[in-house]
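# Structural description and commentary
Each chain, letter by letter, is given below.
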Amino acid sequence: MRALDLLWLVPLLPLAGSALNALLGPRVARPLTTAVALGAPGLSLAISLMAVWTYATTVFPLPFEQVLYAWTTGELSIDVAFLLDPLSSVMVVVVTLVGFLIHVYSVGYMGDDSGYQRYFSYLNLFMGAMLLLVLGNNFLVMFVGWEGVGLCSYLLIGYYYEEEFPPYAGRKAFIVNRIGDFAFLVGLFALVARFGTLDYGEVFAAVASDPHGVEEPYLLGLSFAGFVTLCLFIGAIGKSAQLPLYVWLPDAMAGPTPVSALIHAATMVTAGVYMVVRTNVLYQLAPGTSALVATVGAVTALFAATIAFAQTDIKKVLAYSTVSQLGYMFLGAGVGAYSAAIFHLGTHAFFKALLFLGSGSVIHAMSGEQDMRRMGGLKKALPVTFATFAIATVAISGIPPLAGFFSKDQILAGAWGEHKVLWAIGLVTAGLTACYMFRALLMTFYGRFRGTDEVRSHLHESPTVMTLPLVVLAVGSALAGLIGIPKLGTLDINWFGHFLAPVVAPVGHAGEHGHHASLGLELLLMGVSVAAAVGGIWMAWRTYGGERGLAGGEAWAIRFPTAHRILTNKYYVDEIYDATVIKGTWSAARGLFRFDAGFIDGFLVNGSRHVTVAVSLLSGFFDKYVIDGVVNLSGWVMRACSRLFRSLQTGLVSQYALVVAVGMLVLTGFYLVVRLG
Amino acid sequence: MFDWVQQIPILSLICYVPLAGAVLVMLFMRQGQGESIRKFATGVALVDFLLSVPLWFAFDRDGELFQFRESARWIESLGIGYEFGIDGIALLLVLLTTLLGVLAFLSSWSAIDVREKEYYVFMLLLQTGMLGVFMAMDFFLFYVFWEVMLVPMYFLIGIWGGPRKLYAAIKFFLYTLVGSVLMLLGILALYFFNGPGLFRYVGVGNEKTFFIPQFHDIAGLIPPDLQFWIFLAFFVGFAIKVPMFPFHTWLPDAHVEAPTAGSVILAGVLLKMGTYGFVRFSLPILPNATWRLLPWMVLLSIVGIVYGALVAMAQKDMKKLVAYSSVSHLGFVMLGIFALNGPGLSGGILQMINHGLSTGALFLLVGVIYERRHTRMIAEYGGISAQMPSYATIFLIITMASIGLPTLNGFVGEFTILVGAFSRNWLWALMGAIGIVLGAAYMLWMYQRVFFGPITNPENKKLKDLNLRELAYLLPLVLLCFWIGLYPRPFFRILETPVQHILQQVEPHRPRSAAAAPAATRSGAESLTRYDSATRSGGAR
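On a predicted model such as this, the values are computed, not experimentally measured, just so you know.

## Some details on the overall build of chain B
- Scanning chain B from terminus to terminus reveals 21 helices and 4 strands.
- Since a compact globule built from 541 residues should have a radius of gyration of about 24 Å, the 23 Å found for chain B is in line with a globular shape.
- Taking the principal axes of its C-alpha atoms as reference, chain B extends roughly 70 × 55 × 50 Å.
- When each of the 541 residues of chain B is scored for burial, the buried share is 60%.
- Long-range pairs, those at least 24 residues apart, make up 79% of the contacts in chain B with a sequence separation of at least 6.

## What to know about the overall build of chain A
- Along its length, chain A carries 27 helices and 4 strands.
- Relative to its length of 677 residues, chain A is extended, with a C-alpha radius of gyration of 39 Å against a globular reference of 26 Å.
- Principal-axis analysis of the C-alpha atoms gives chain A an extent of 155 × 70 × 55 Å.
- Every one of the 677 residues in chain A was classed for burial, and the buried ones make up 54%.
- Here the contacts in chain A between residues at least 6 apart in sequence split such that 79% fall between residues at least 24 apart.

## Focus on the environment of B:Leu396
- Within the secondary structure layout, B:Leu396 lies in helix H16 (residues 389–402).
- Linking B:Leu396 and B:Met443, residues 47 residues apart in sequence, is a C-alpha distance of 9.7 Å.

## What to know about the packing of helix H13 (residues 287–313) of chain B against helix H18 (residues 426–451) of chain B
Residues and elements named next belong to chain B.
- Orientation of H13 relative to H18, taken along the N-to-C sense of each, is 15°, at an axis distance of 9 Å. Taken together, the axes of H13 and H18 are roughly parallel relative to one another. Our pair here, H13 against H18, has a crossing hand that is left-handed. On the side of H13, the interface is formed by Val 298, Ile 302, Ile 305, Val 306, Ala 309, Leu 310, Ala 312 and Met 313, while H18 contributes Trp 428, Met 431, Gly 432, Ile 434, Gly 435, Leu 438, Gly 439, Ala 441 and Tyr 442.
- Per-class residue counts for the contact of H13 with H18 are 14 nonpolar, 3 polar and no charged.

## Quick notes on the domain arrangement of chain A
- What the domain assignment reports for chain A is domain 1 (578–646) and domain 2 (652–677).
- Look at where the C-alpha atoms of domain 1 of chain A and domain 2 of chain A centre, and you get two points 64 Å apart.

## Here we look at the packing of helix H14 (residues 287–309) of chain A against helix H19 (residues 420–445) of chain A
Residue and element names in this part refer to chain A.
- Two elements in contact, H14 and H19, have axes separated by 9 Å at closest approach and are oriented at 25°. By the criterion of interaxial angle, the relationship of H14 to H19 is roughly parallel. In this structure, H14 crosses over H19, and the sense of that crossing is left-handed. Taking contact as the criterion, the partners of Ala 294, Ala 298, Ala 301, Leu 302, Ala 305, Thr 306, Ala 308 and Phe 309 in H14 are, on H19, Leu 422, Ile 425, Gly 426, Val 428, Thr 429, Leu 432, Thr 433 and Tyr 436.
- Of the residues contributing to the contact of H14 with H19, the split by class is 12 nonpolar, 4 polar and no charged.

## Observations concerning the nonpolar core
- In terms of nonpolar packing, the biggest core is built from 439 residues, with A:Phe126, A:Phe189, A:Ala341, A:Ala353, B:Val94 and B:Leu335 touching the most fellow members.
- Discounting residues that sit within four places of it in the chain, B:Val94 has contacts with B:Ile14, B:Ser52, B:Leu55, B:Ile86, B:Leu131, B:Phe134 and B:Met135.

## Description of the domain arrangement of chain B
Residues and elements named next belong to chain B.
- Each domain of chain B was delimited in the assignment, giving domain 1 (1–285) and domain 2 (293–507).
- Put simply, the middle of domain 1 and the middle of domain 2, counted by C-alpha atoms, are 23 Å apart.
- In this assembly, 41 residues from domain 1 lie in contact with 40 residues from domain 2.
- Elements that contribute at least two residues to the side of domain 1 that touches domain 2 include exactly helix H4 (88–111), helix H11 (250–257) and helix H12 (260–285).
- At 13 residues, the largest contribution of residues to the side of domain 1 that touches domain 2 is made by H12.
- Of the residues that constitute the side of domain 1 that touches domain 2, the class distribution is 28 nonpolar, 10 polar and 3 charged.

## Points about the interface of chain B and chain A
- Each partner contributes residues to the interface: chain B has 48 residues there, and chain A has 46 residues.
- Looking at the side of chain B that touches chain A, the elements that each hand over two or more residues are H13, helix H15 (342–373), helix H17 (409–424), H18, helix H20 (489–506) and helix H21 (522–538) of chain B.
- Considering every element that reaches the side of chain B that touches chain A, the biggest residue donor is H18(B), with 11 residues.
- The residue inventory of the side of chain B that touches chain A, partitioned by class, reads 32 nonpolar, 12 polar and 4 charged.

## Considering the pairing of strand E1 (residues 67–75) of chain B
All names here are of chain B.
- Both E1 and strand E2 (residues 80–86) contribute to a ladder of 6 bridges, which runs antiparallel. Within E2, the position partnered with Ile 75 by the bridge is Ile 80.
- Linking E1 to E2, which pair antiparallel, is a turn of 4 residues; within it Gly 79 sits at a positive phi near 75°.

## A word on helix H4 (residues 86–109) of chain A
- With 24 residues, H4(A) ought to run about 34 Å at 1.5 Å a step, and its terminal C-alpha atoms sit 34 Å apart, in line with that.
- Judged by how many residues are buried, H4(A) sits mostly within the fold: 24 of 24 residues are covered.

## Considerations on the confidence of the model for chain B
All names here are of chain B.
- Taken residue by residue, chain B gives an average pLDDT of 87. The fraction at 70 or more is 95%.
- Every residue in residues 515–541 is under pLDDT 50, and counting partners more than four places away or in other chains gives 34 contacts.
- Interface confidence in the predicted complex, given as ipTM, is 0.86; pTM for the same model is 0.87.

## Here's the deal with the confidence of the model for chain A
Residue and element names in this part refer to chain A.
- Mean pLDDT for chain A: 85, with 97% of residues reaching 70 or above.
- Here helix H24 (residues 551–559) stands out as the least confident element of chain A, with mean pLDDT 76; helix H12 (residues 270–278) is the most confident, with 91.
- Confidence drops under a pLDDT of 50 for residues 510–514, and excluding neighbours within four residues, the segment shows 5 contacts in the predicted structure.

## Looking at H4(B)
- An ideal rise of 1.5 Å per residue puts 34 Å on 24 residues; H4(B) measures up with 34 Å between its terminal C-alpha atoms.
- In terms of residue burial, H4(B) counts as a mostly covered element, since 21 of its 24 residues are buried.

## Examining the environment of A:Arg278
All names here are of chain A.
- By the secondary structure assignment, Arg 278 is in helix H12.
- In this structure Arg 278 comes out as buried when scored by C-beta crowding, with 28 C-beta atoms within 10 Å.
- On a C-alpha basis, the gap between Arg 278 and Ser 88 in space is 8.9 Å, while along the polypeptide they are 190 residues apart.

## Some details on the environment of B:Arg510
- On the secondary structure map, B:Arg510 appears in the loop between H20 and H21.
- The sequence separation of B:Arg510 and B:Thr290 amounts to 220 residues, and the corresponding C-alpha distance is 9.1 Å.

## Section: the pairing of strand E2 (residues 79–84) of chain A
Residues and elements named next belong to chain A.
- Across the 6 residues that make up E2, a large majority, 6, are buried.
- The pairing of strand E1 (residues 64–70) with E2 spans 6 bridges and is antiparallel. Across the sheet, Gln 66 pairs through a bridge with Phe 82, a residue of E2.

## Comments concerning unusual backbone geometry
- Here the amide bond leading from A:Leu243 into A:Pro244 is cis, since omega sits at 0°, within 30 degrees of zero.
- On the secondary structure map, A:Pro244 appears in the loop between helix H9 (224–239) and helix H10 (248–251).
- Of note, the amide linkage connecting B:Phe245 to B:Pro246 takes the cis form, showing an omega dihedral of 0°.
- Relative to the helices and strands, B:Pro246 is located in the loop between helix H10 (224–241) and H11.
- Look at B:Phe199: it is not a glycine, yet its phi comes out positive at around 50°.
- Note on placement: B:Phe199 falls in the loop between strand E3 (197–198) and strand E4 (201–202).

Thresholds applied
Residues numbered from 1 in each chain as written. Chains lettered and ligands numbered in written order. Predicted model: local features only at pLDDT ≥ 70, side-chain atom pairs only at ≥ 80, totals over all residues. Helix = DSSP H or I, 4+ residues; strand = E, 2+ residues; numbered from the N terminus. Rg over C-alpha atoms; globule rule 2.2 N^0.38 Å. Buried ≥ 20, exposed ≤ 12 C-beta atoms within 10 Å, placed from the backbone. Contact = placed C-beta atoms within 7 Å. Axes fitted to C-alpha atoms, helices over the stretch in contact; angles between N-to-C directions. Parallel < 35°, antiparallel > 145°, perpendicular 65-115°, else oblique. Left-handed = near helix turned anticlockwise from the far one by under 90°. Nonpolar A, V, L, I, M, F, W, Y, C, P; charged D, E, K, R; others polar. Domains from an automatic or database assignment. Core = buried A, V, L, I, M, F, W, Y, C linked by C-beta atoms within 7 Å. Pairing = 2+ DSSP bridges. Expected span 1.5 Å × (residues − 1). pLDDT = per-residue confidence, 0-100.

Pasting the structure below:
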């Protein structure tokens with residue numbers, strides 16, 4: 001079990017690589033930066049492959065837990081610990097494998113960028129955070145990784161920080177994600193408040209031991225399971241770019257193309273799907289939330305697919321395709337087809353990474369041009385890119401036996417068992433997906449070259465360091481589906497489904513959930529979905545195939561001008577957000593600041609100062625004229641009196657004698673009159 | 001290894017080393033010797049910090065509540081004693097004070113070029129005042145230090161401040177003074193009640209004393225209406241210091257006008273005196289009033305969180321933005337404290353430290369760029385990431401710490417606070433958590449406008465990256481942010497005993513019904529309360 005004991009190194013190595021490259025800085029030689037940047041995820045990949053191999057070949061594997069250290073103490077006790085079980089095994093392989101290939105590809109793609117070392121420092125950090133997310137054995141470690149990938153997307157989308165748009169797009173990604181994280185956190189608080197722990201094992205065991213306890217009414221008219229799953233799902237909506245929080249993802253194309261591949265394929269956006277499947281014990285007991293998950297997933301899948309039609313930027317098409325495919329995964333998770341959702345996550349990681357890296361190779365060859373209207377006929381100049389891109393396009397379209405077919409089919413089968421409308425939306429989306437993906441393929445690689453002569457003269461196939469990852473991913477896109485061939489009658493070789501089964505085992509009365517359609521129905525559904533894909537491809541060929549160039553597409557735009565306008569403007573969702581949420585927050589901010597400066601500080605605080613000053617002036621006046629006035633008055637009275645009496649003090653003896661004589665006369669007269677009279 | 005700490009009056013030593021330094025500077029140094037004054041003063045602060053570090057190791061986590069006790073007679077006729085001692089809370093705040101002291105001194109070297117002698121004397125005096133506040137175990141002594149600290153701060157803002165320094169200094173002084181006078185009334189009321197009584201209240205009849213633990217002991221005896229009035233008196237004093245909405249408007253002015261080091265100390269330490277006051281006095285001495293006024297305290301905290309964040313968003317001046325963000329962050333601290341449970345209280349107290357570290361660092365960072373360009377207006381910058389990569393990196397890390405990104409300190413505090421708040425009332429946590437979203441919005445927006453985009457202002461093209469001295473005072477804070485973020489356990493551990501003490505003081509006076517919760521949220525509170533009792537009796541259902 002040696003490889004398992006090294007599990008903690010899997011997330012830590014990329015983190016260390018990131019820190020090392022950040023500290024070494026741009027001063028060191030480029031090969032050293034490359035060695036660190038590839039070495040860390042490479043080792044991580046090797047360890048995780050060995051660990052998963054050890055784990056998967058054990059006869060009765062128990063989830064493997066590894067505690068690193070205790071994070072907190074007291075009432076709230078949380079460890080920093082890792083977990084390897086079937087679910088995290090799948091995730092860790094996908095993340096390290098696809099992530100590593102993207103690293104290799106980046107060496108070529110970013111070869112002449114001045115921020116080489118900064119780029120790889122971020123890229124390693126991204127992978128480390130994603131590995132924390134999938135390997136954590138509790139919700140807190142998951143949340144650390146969850147926020148970590150948010151930070152990395154902020155840094156990498158805004159990588160070209162000297163321009164105006166990328167930093168804006170990075171910030172938008174972070175803040176929209178934060179809105180989801182806010183709900184995620186509330187869900188975690190509810191879990192802590194009830195179970196006093198965030199450890200998966202303990203929480204799920206507590207739920208499973210008493211499924212009815214979490215179904216009792218809790219808050220807002222929801223059961224406990226309903227409340228928690230709703231909160232967690234809102235978090236997933238933000239991270240996995242579902243309606244209505246998907247707006248950050250298309251703008252995330254502002255980052256370097258390998259970053260788009262990383263965000264869209266192996267890391268970040270898949271986190272939401274992983275989280276829903278990880279907490280499937282709770283979702284199984286919350287049918288309301290599950291229905292919501294399925295509905296949001298289905299609607300997003302369809303919605304994003306329609307927008308993808310009107311995009312002319314090759315990366316934007318792929319971006320909306322990602323949103324749509326993630327919707328598919330949520331549809332699967334919502335209808336209880338958890339292993340199918342994870343299976344699609346894995347296959348999608350291969351072909352979507354391939355598509356993005358292929359588009360990067362095209363952009364590289366086109367001297368930075370991303371508009372498909374100026375491409376065309378590139379298959380001769382870029383043979384390897386074309387071949388691999390075509391494989392990925394066929395795979396995502398759901399043509400057997402390539403990877404996308406098997407995973408998509410299982411989701412559709414699950415949806416059929418849950419609700420026919422969900423299935424129908426999924427089917428239409430499958431057709432649309434095939435159509436817009438072939439549109440992109442045809443516009444890029446077929447027809448005549450529509451760019452400038454200068455660009456044409458520079459056309460070249462990418463170096464081996466870039467094409468090699470494309471080939472590896474193409475092999476994966478072609479073959480990965482074979483590990484999860486759906487059960488057909490008695491023929492059951494769905495290795496993937498069996499491997500994942502312990503994690504998604506039914507809980508409580510949700511036991512009767514698994515539908516097993518008859519062989520005939522199963523084959524019929526497969527046939528219908530393949531037919532939809534073929535129909536989509538045929539439509540694309542009719543419009544863009546051969547030498548038609550852009551004319552076919554323009555004809556559609558002229559025929560349906562309103563629809564075209566709405567789709568080109570992506571249903572005006574960004575505009576609606578700008579007008580409501582952003583403008584609202586901003587006016588609240590400015591209004592409150594005015595209130596703060598005007599009322600609280602201006603009126604109350606400075607007002608009390610003015611009142612104090614006024615009162616003191618008044619008291620000054622009172623003091624001067626009333627209090628002091630009385631004092632002065634008494635003095636004045638004294639003085640007046642004294643002046644009067646002073647006039648008597650003449651100092652002339654004769655005058656005094658006269659007064660004495662007169663006084664005596666008056667007194668004698670008075671005496672005589674009063675006493676004797 | 002650290003036994004010697006117990007043998008000497010370590011607290012007094014830590015408290016008065018800066019004072020002694022100030023006296024030495026005053027007596028033996030002349031105005032012109034800027035270089036040697038600043039080196040000497042920084043050396044004194046460093047010695048003080050090094051003296052305080054052993055406290056962390058020598059403190060017995062499972063021992064007495066108050067340790068390193070010093071007791072001496074002072075004014076016996078009034079029952080005033082010279083009582084020093086620290087618990088885990090005060091220990092963390094003392095360490096924060098001495099650490100930020102060193103960093104603030106270092107940052108002043110290039111920022112202050114007039115009247116250096118007085119400046120460093122006032123800074124040293126300020127250190128003594130703040131340390132005394134956290135160490136005093138006698139109410140009278142506490143009050144003395146509380147007022148002593150005001151004076152140097154007043155001069156620091158008033159002499160070395162910005163264009164509106166006089167307005168800001170006077171506002172700061174008067175505002176705080178109003179608060180402390182009311183607090184003094186509260187202290188005196190407690191003093192008389194412990195003794196013969198006051199007005200119509202018959203006292204406990206104890207010997208006259210200002211010894212703080214004595215008041216903790218008689219908490220249950222204080223009649224509810226007297227508690228109510230004393231609580232209000234304390235509230236005004238502490239709420240102004242915190243500052244809680246709507247007593248916060250002195251803060252932006254003081255911050256904007258104060259010199260960098262003044263802002264660092266102001267945000268890092270001074271604001272914590274308010275929250276410290278609530279934790280040390282209001283809660284354990286006045287538990288009945290605490291429960292009674294709980295909804296109002298929480299309301300003001302939540303308003304502060306959201307309001308501070310929104311107003312911060314509208315700021316054009318970096319320092320003012322950080323000042324309003326402090327209102328929001330201190331709202332979190334108050335919310336945690338008034339969640340009145342283990343996670344809430346320990347999270348709130350830890351968040352006091354976290355805020356000191358990350359906001360202190362933010363002010364230092366703004367100071368760095370202010371010294372280069374002499375403006376703090378966000379619009380003056382843009383794209384400076386290319387010119388100052390190390391500065392941009394450290395600024396980003398601190399920004400992330402401030403908006404609560406996991407693996408950094410802010411998250412640990414906010415998370416535990418909200419866990420505590422949720423188990424008291426889920427709506428409190430919900431509304432508090434809005435601050436997390438808004439925090440990301442205003443901080444990242446500022447960051448984008450300062451560091452990203454093309455360089456539009458030619459003056460920014462020649463900016464120099466951090467020098468060694470600047471790295472020296474920024475890196476310790478970055479490392480601490482990571483330490484608390486990655487391994488907060490030692491900090492929670494040291495807070496365990498004091499938090500338990502507060503809960504023991506408060507919990508018996510908890511009202512029976514959930515009536516303490518505001519009416520609108522009652523149903524949620526009730527369902528949680530019901531759940532609370534269920535888990536307590538039978539574990540997880």
